[in-house]
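# Residue-level structural notes
The chain contents come next:
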Amino acid sequence: LVITDPQYKKNTFTMYKGLKKTLPISGLNKKYSTISYTSAKPDTASITKAGYVTAKKVGTVKIKIKADGKSFNVWVEVAAKKAYQAAKREIAISKTKTKYSQIKRMMTGFYDCSSLVSRVYRKFGVYFGSKSGWSPTAAGIGQWCSSHHKVIASKAVDYTKLVPGDLVFYSYTKNGRYKNISHIEMYVGNGMSVSASSSRNAVVHYGYGTSSIVMIARPLK
């Protein structure tokens, strides 16, 4: 009697365009287990019979896995390489000691929501206007994304539509700025965002929130 229990620990899998990875399925028996994979969008991410995924273009795709009579789905998020790197950088920053400050937003260890996004993307050669100096505001970044045709949604969408590096814009009150934008976060994958939070006085890595979203942009495709 052979007992197996196929499992994949996460329901999402982040990659960048051109990357190749394998889905780590546990609970199988090397000799007796049978497994198959199907990509719903092979032009976005294809998968071989052995479970090797190739990211082909930016987007999201569902991969269906059948193993020993058990079926489950994995969402693959494919970002542009620089966007993927920016998301990883923001996650790394969230694990360090940081403080929220609008006055010191361009100084080491200090960020506000927009300077975090701008400063991180600048490290990978992506600019929202000026290539140096004071980072633009959240509304300024939003206006730049609109004028450069980077907007992918004008309201909240499910995280399965997003890829690492996407920018999420929020409006909490009328402030006279572009679309009344008052806050920006970066979606970093796996249903999570990173933000410089004034209420927590730090850069935090937490669940993607859909309330009060007025725009979502994808700087790189």
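See above for the structure.
Scope of this entry: the structure provided in the associated data block. Only a predicted model underlies this, so the values are computations on that prediction, with no experimental measurement involved.

## Observations regarding the environment of Ser-182
- Looking at the element boundaries, Ser-182 is found in the loop between β11 (167–170) and β12 (183–189).
- When sequence neighbours within four positions are dropped, the list of residues in contact with Ser-182 reads Cys-113, Ala-138, Tyr-170, Ser-171, Tyr-172 and Asn-175.
- Polar side-chain contacts of Ser-182 include one of 3.3 Å to the backbone nitrogen of Tyr-172.

## Brief notes about the sheet that holds strand β1 (residues 12–16)
- Pairing is mixed in the open sheet, where four strands are placed in the order β1-β7-β6-β3. Lying at the two open borders of the sheet, with one neighbouring strand each, are β1 and β3 (35–39). Along the sheet, successive strands turn relative to each other by an average axial angle of 25 degrees, direction set aside.
- Inspection of the sheet shows β3 paired to strand β6 (residues 59–67) by five bridges, in the antiparallel sense. Bridge pairing in β6 places Thr-38 opposite Lys-64.
- Strands in contact with helix α1 (residues 81–94) are β1 and β7 (70–79); relative to β1, the strand with the most contacts, it is inclined by about 125 degrees.

## Notes on the pairing of strand β13 (residues 192–197)
- Judged by how many residues are buried, β13 sits mostly within the fold: five of six residues are covered.
- Bridge count for β13 against strand β14 (residues 202–207) is six bridges, and the pairing is antiparallel. Its bridge partner lying in β14, Met-192 is registered against Gly-207.
- The turn joining β13 and β14, which pair antiparallel and follow one another in sequence, is formed by four residues; a positive phi near 55 degrees is taken by Asn-201.

## Here we look at the packing of aromatic side chains
- Scanning the entire structure with this criterion turns up six aromatic pairs.
- Their ring planes at 80 degrees and their centres at 5.7 Å tell us that Tyr-121 and Phe-128 sit as a pair that is edge-to-face. Across this residue pair, the class does not change: Tyr-121 and Phe-128 are buried.
- Summarising the aromatic geometry, the rings of Phe-128 and Trp-144 are spaced 5.3 Å apart at their centres and angled 90 degrees between planes, so their arrangement reads as edge-to-face. One end of the pair, Phe-128, is in the loop between α2 (113–122) and α3 (138–147); the other, Trp-144, is in helix α3, and 16 residues separate them in sequence. One exposure class covers both Phe-128 and Trp-144, and it is buried.
- For Lys-21, the ring lying beneath its charged end belongs to Phe-13, and the centroid distance is 5.6 Å.

## Some points on the packing of α1 against α2
- The N-to-C vectors of α1 and α2 enclose an angle of 125 degrees; their axes lie 9 Å apart at closest approach. Judged by the angle between their axes, α1 and α2 are oblique. As α1 runs across α2, the sense of the crossing is right-handed. Listed contacts from α2 to Lys-82, Ala-83, Ala-86, Arg-89, Glu-90 and Ile-93 of α1 are Leu-116, Val-117, Val-120 and Tyr-121.
- Of the residues contributing to the contact of α1 with α2, the split by class is seven nonpolar, no polar and three charged.

## Quick notes on the layout of surface pockets
- Of the pockets and cavities examined, the largest pocket occupies roughly 280 Å³.
- Forming the boundary of the largest pocket are 19 residues, of which Tyr-100, Gln-102, Asp-112, Cys-113 and Ser-182 lie nearest the centre.
- For the lining of the largest pocket, the elements supplying multiple residues, two or more each, are α2 and β13.
- A breakdown of the residues in the lining of the largest pocket according to their chemical character gives seven nonpolar, nine polar and three charged.
- Looking at the second largest pocket, its volume works out to about 230 Å³.
- Forming the walls of the second largest pocket are 13 residues, and the residues nearest its centre are Tyr-8, Lys-10, Thr-12, Phe-13 and Asn-190.
- Taken together, the elements giving at least two residues each to the lining of the second largest pocket come down to β1 and α1.
- Considering each element in turn, the lining of the second largest pocket owes the most residues, three residues, to β1.
- In terms of residue class, the lining of the second largest pocket is built from four nonpolar, five polar and four charged.

## Let's talk about unusual backbone geometry
- Of note, the phi angle at Asp-68 is positive, near 50 degrees, even though the residue is not glycine.
- Here Asp-68 is to be found in the loop between β6 and β7.
- You will see that Asn-190, though not glycine, has its phi angle at about 60 degrees, which is positive.
- The topology assignment puts Asn-190 in the loop between β12 and β13.
- Look at Asn-190 and you get partly exposed, because its relative accessible area is 33%.

The rules we used
- Residues numbered from 1 in each chain as written.
- Predicted model: local features only at pLDDT ≥ 70, side-chain atom pairs only at ≥ 80, totals over all residues.
- Heavy atoms only, no water.
- Helix = DSSP H or I, 4+ residues; strand = E, 2+ residues; numbered from the N terminus.
- Contact = heavy atoms within 4.5 Å.
- Polar contact = N/O pair within 3.5 Å; in protein donor to acceptor, adjacent residues only side chain to side chain.
- Pairing = 2+ DSSP bridges.
- Axes fitted to C-alpha atoms, helices over the stretch in contact; angles between N-to-C directions.
- Buried < 20%, exposed > 50% of the residue type's maximum accessible area, 1.4 Å probe, protein only.
- Phe/Tyr/Trp six-rings, centres within 6.5 Å; stacked < 30°, edge-to-face > 60°.
- Lys NZ or Arg CZ within 6 Å of the ring centre and 35° of its normal.
- Parallel < 35°, antiparallel > 145°, perpendicular 65-115°, else oblique.
- Left-handed = near helix turned anticlockwise from the far one by under 90°.
- Nonpolar A, V, L, I, M, F, W, Y, C, P; charged D, E, K, R; others polar.
- 1 Å grid on protein atoms, 1.4 Å probe; cavity = no way out; pocket = protein on both sides within 12 Å on 5 of 7 lines; lining within 4 Å.
- Points joined across faces, edges and corners; volume = space filled by probe spheres on them.

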